[in-house]
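# A structural walkthrough
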Amino acid sequence: MLPKILKDFNLFGDGNNWQGMIPSLTPPELGRRMVEYEGGGMDGPIEVDMGATLQEMSWTAGGLIVDGLFDTFGSPIHDAAQLRMTGSYESDETGEVVSVEITVRGRHKTIAMGEAAKGDNSTTEVTTTLSYYKLVVDGEEIIEMDKPGYVFKVRGEDRLAKRRQALGL
């Protein structure tokens, strides 16, 4: 059995189509903040889930991109920048194509325009810190995290719904 391999992807920034302009990106890592806890009567510690970790997405643009990148830089709004990555994973056994879409919102934390040298390919390295993340695979919503909205869904199960209710939110 062969894995489904990412055959191609595209990145959109604030509605701008950056087709052919993004040679690489690193999707956000999914993580949970865990703290160690051991109470009386326990044989050892366990880790307690205290919520999501800080997420970042890093990506590289070939050359210079202006539209959709600098417009939101330094914004006081936590989700001023929106990025949407679309990917096409394909099986070399069956030819099946699986679509993947990752939508994030946040702020561009760093924009590194790299070294400028005549005749060389230049790149711009961007790190975007996130307040919202959604992963959709073949039309199915797998993960949605809206940190300020206090929403954490896994395959449709809202894992914070009871906490929001307890808090009167």
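This report concerns the structure included in the present document.

So, how was this worked out
- In every chain, residue numbers begin from 1 and rise along the written sequence.
- Local features in this predicted model are restricted to residues of pLDDT 70 or higher, and side-chain atom pairs are both shown and tallied only at a pLDDT of 80 or more, whereas totals for entire chains, interfaces and linings draw on every residue.
- Only heavy atoms go into the side-chain values, all of them from the structure, while hydrogens and water stay out.
- Strands here are runs of E lasting at least two residues and helices are runs of H or I lasting at least four, both read from the DSSP assignment and numbered beginning at the N terminus.
- The rule is simple: take the accessible area with a 1.4 Å probe, protein chains only, and divide by the maximum for that residue type; under 20% is buried, over 50% is exposed, in between is partly exposed.
- Distance and chemistry together define a polar contact, namely a pair of N or O atoms within 3.5 Å, with one atom able to donate a hydrogen and the other to accept it when in protein, and with adjacent residues in sequence counting only for side-chain atoms on both sides.
- Contact between two residues is taken to exist if any of their heavy atoms lie within 4.5 Å; hydrogens are not considered.
- Two strands form a pair only when DSSP identifies at least two bridges running between them.

### Overview of the side chain of Q55
- Structurally, Q55 is set in strand 6 (residues 55–62).
- What makes Q55 buried here is its relative accessible area of 1%.
- A polar contact of 3.4 Å, which involves the side chain of Q55, links it to the backbone oxygen of E29.
- With near-sequence residues (within four places) excluded, Q55 lies in contact with P28, E29, L30, T128, T129, L130, Y133, M145 and K147.

### Concerning the pairing of strand 11 (residues 151–154)
- Sheet analysis places strand 10 (residues 140–146) next to strand 11, joined by four bridges and oriented antiparallel. By the bridge assignment, I143 is partnered in strand 11 with V154.
- Here strand 11 runs beside strand 12 (residues 157–158); their pairing, made up of two bridges, is antiparallel. Opposite K153, over in strand 12, you have D158 as the bridge partner.
- Connecting strand 11 to the antiparallel partner strand 12 that follows it, the hairpin turn spans two residues, and R155 within it adopts a positive phi of roughly 50°.

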